[in-house]
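Residues per chain, in single letters:
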Amino acid sequence: MEIQNSSAALLSNYEVYSLLKELQTGEKAGKKLRKQQKHLATISYETIKYLEKTPCQQQSAEIIEQFRRKLRPFKLTKAEELQLLNHRPTTAVEIQLHIEESEERLTEHEIDSLLNVIATVLPSSDAADEEMEQS
């Protein structure tokens, strides 16, 4: 795999997880790994193992698109949308950590609406949440 343009796109945890699972399936199809690829396989395995403990495992392309549509009224940057998607904040304090200058840009009502969108659109994995807190 070669990075052609490092700033071409931001990837969500779901997209990374899907790509790595796809690559892992291709490796299991019988290809022998070269020495350099063995390190890549280890990194991929560890990353998949981590991502399986996050809510991204329950996400889909449709859920992500629906989430992005519901975020449009909040006028967030793509990076902020990605932070919300990956971290799935549940409190106003967490929103402040992920949205730059949130106190000036969003009212309390908008923050509550944003938390409601996150809670209703993004799937939650209570077991995954508990494992992440313990890590």
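This text gives an overview of the structure that appears in the document. (Residues numbered from 1 in each chain as written. Predicted model: local features only at pLDDT ≥ 70, side-chain atom pairs only at ≥ 80, totals over all residues. Heavy atoms only, no water.)

Below, the discussion takes up the overall build of the chain. Assigned secondary structure in the chain consists of eight helices and zero strands. Order of helices (α) and strands (β) in the chain, N terminus to C terminus: α-α-α-α-α-α-α-α. Within the span of the chain, comprising 135 residues, buried residues form 33% of the whole. Considering only contacts within the chain whose residues lie at least 6 apart along the sequence, 67% involve residues at least 24 apart. (Helix = DSSP H or I, 4+ residues; strand = E, 2+ residues; numbered from the N terminus. Buried < 20%, exposed > 50% of the residue type's maximum accessible area, 1.4 Å probe, protein only. Contact = heavy atoms within 4.5 Å.)

With respect to the helices and strands, the residue glutamate 94 is situated in helix 5 (residues 92-98). For glutamate 94 and leucine 115, which are 21 residues apart along the polypeptide, the C-alpha to C-alpha distance reads 9.9 Å. A polar contact of 2.7 Å, which involves the side chain of glutamate 94, links it to the backbone nitrogen of threonine 90. In this structure the side chain of glutamate 94 is engaged in a polar contact, spanning 3.0 Å, whose partner is the backbone nitrogen of threonine 91. (Polar contact = N/O pair within 3.5 Å; in protein donor to acceptor, adjacent residues only side chain to side chain.)

Before going further, it helps to spend a moment on the side chain of serine 12. Examined against the element boundaries, serine 12 turns out to sit in the segment before helix 1 (13-28). Note on serine 12: relative accessible area 1%, which makes it buried. If we skip the residues at most four places from it in the chain, serine 12 touches Ile64, Leu82, Leu85 and Asn86.

This paragraph deals with the packing of helix 3 (residues 61-71) against helix 7 (residues 108-121). Running from amino to carboxyl end, helix 3 crosses helix 7 at an angle of 165°, the nearest separation of the two axes being 10 Å. Put simply, helix 3 runs roughly antiparallel to helix 7. Crossing hand, helix 3 versus helix 7: right-handed. Two secondary-structure elements touch here, helix 3 through Ile63, Gln66, Phe67, Lys70 and Leu71 and helix 7 through Leu114, Val117, Ile118 and Val121. In terms of residue class, the contact of helix 3 with helix 7 is made up of seven nonpolar, one polar and one charged. (Axes fitted to C-alpha atoms, helices over the stretch in contact; angles between N-to-C directions. Parallel < 35°, antiparallel > 145°, perpendicular 65-115°, else oblique. Left-handed = near helix turned anticlockwise from the far one by under 90°. Nonpolar A, V, L, I, M, F, W, Y, C, P; charged D, E, K, R; others polar.)

Another aspect to go through is the pattern of salt bridges. Taken as a whole and judged by the stated rule, the model has five salt bridges. For glutamate 65, the salt bridge identified is with arginine 72, shortest N-O distance 3.9 Å. Residue glutamate 65 is classed as partly exposed on the basis of its relative accessible area of 36%. For arginine 72, a relative accessible area of 53% translates into the label exposed. Among the salt bridges present, the one from glutamate 80 reaches arginine 105, with a minimum N-O distance of 2.7 Å. On the criterion of sequence distance, the pair formed by glutamate 80 in helix 4 (residues 78-87) and arginine 105 in helix 6 (residues 102-105) is long-range, its members being 25 residues apart. On the basis of relative accessible area, arginine 105 is assigned to the partly exposed category, the value being 33%. (Salt bridge = Lys/Arg side-chain N within 4 Å of Asp/Glu carboxyl O.)

This part covers helix 3. Every buried residue of helix 3 is listed here: Ile63, Ile64, Phe67 and Leu71. What you see down the axis of helix 3 is that its buried residues fit within an arc of 100°, all on one side. (Arc of directions from axis to C-beta.)

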